[in-house]
Amino acid sequence: MNEYERLRRQAEGLRSMYPPGTRVECICMNDPFAPVPSGTRGSVMFVDDIAQIHVNWDTGSSLALNKDEDTFRKLSAEEIEAENAAENQDEAPEESSGMKMKM
């Protein structure tokens, strides 16, 4: 099996494990120039043909993960639920000040 075929098969497996929207957390990125900080979370956009997992990081970066070089993990359903609850709490309207407008 040549290198391209090996990567293609690896990419197929990763696509099933990390479909678009999957939430992941970077543990350690082996990139000396622009690593994603440990603990940063993001959403998978896609897996390319050379088995890199492209992530839209919550920090605004969109650097890809390399399964052989970087350490990362998929978030559990409970962690995603907690994230969603925290987002909903942040978006909750502030309590009324008691003032009302008349028209």
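A few points on the structure. Source: prediction; values computed, not measured.

## Considerations on the pattern of salt bridges
Link 1 in the chain: Taken as a whole and assessed by the stated rule, the structure comprises 13 salt bridges.
Link 2 in the chain: Residues Arg23 and Asp58 are paired through a salt bridge, measuring 2.8 Å at the closest nitrogen-oxygen approach. Of this pair, Arg23 sits in strand 1 (residues 23-28) while Asp58 sits in the loop between strand 3 (52-57) and strand 4 (64-66), and the two are 35 residues apart along the sequence.
Link 3 in the chain: Arg23 sits in the buried class, given a relative accessible area of 13%.
Link 4 in the chain: You can call Asp58 exposed: its relative accessible area is 51%.
Link 5 in the chain: Notably, a salt bridge pairs Glu79 with Arg73, separated by 2.6 Å at the nearest N-O pair.
Link 6 in the chain: We classify Glu79 as partly exposed; its relative accessible area is 21%.
Link 7 in the chain: A relative accessible area of 28% means that Arg73 is categorised as partly exposed.
Link 8 in the chain: Overlapping salt bridges, with partners in common, bring together Arg23, Glu25, Arg41, Asp58, Arg73, Glu79 and Glu83 in one network.

Here is what the cut-offs are and how they apply
Just so you know, the residues in each chain are numbered from 1, in the order the chain's sequence is written. Given that the model is predicted, a residue must reach a pLDDT of at least 70 before its local features are reported, and side-chain atom pairs must reach 80 or more before they are shown or counted; all residues, however, enter totals for whole chains, interfaces and linings. Note that the side-chain values use all heavy atoms of the structure and ignore hydrogens as well as water. Salt bridges are defined as contacts in which a side-chain nitrogen from Lys or Arg sits within 4 Å of a carboxyl oxygen from Asp or Glu. Here a helix means four or more residues in a row that DSSP labels H or I, a strand means two or more in a row labelled E, and each is numbered from the N terminus. We call a residue buried when its accessible area falls under 20% of the maximum for its residue type, exposed when it is over 50%, and partly exposed in between, using a 1.4 Å probe and counting protein chains only.

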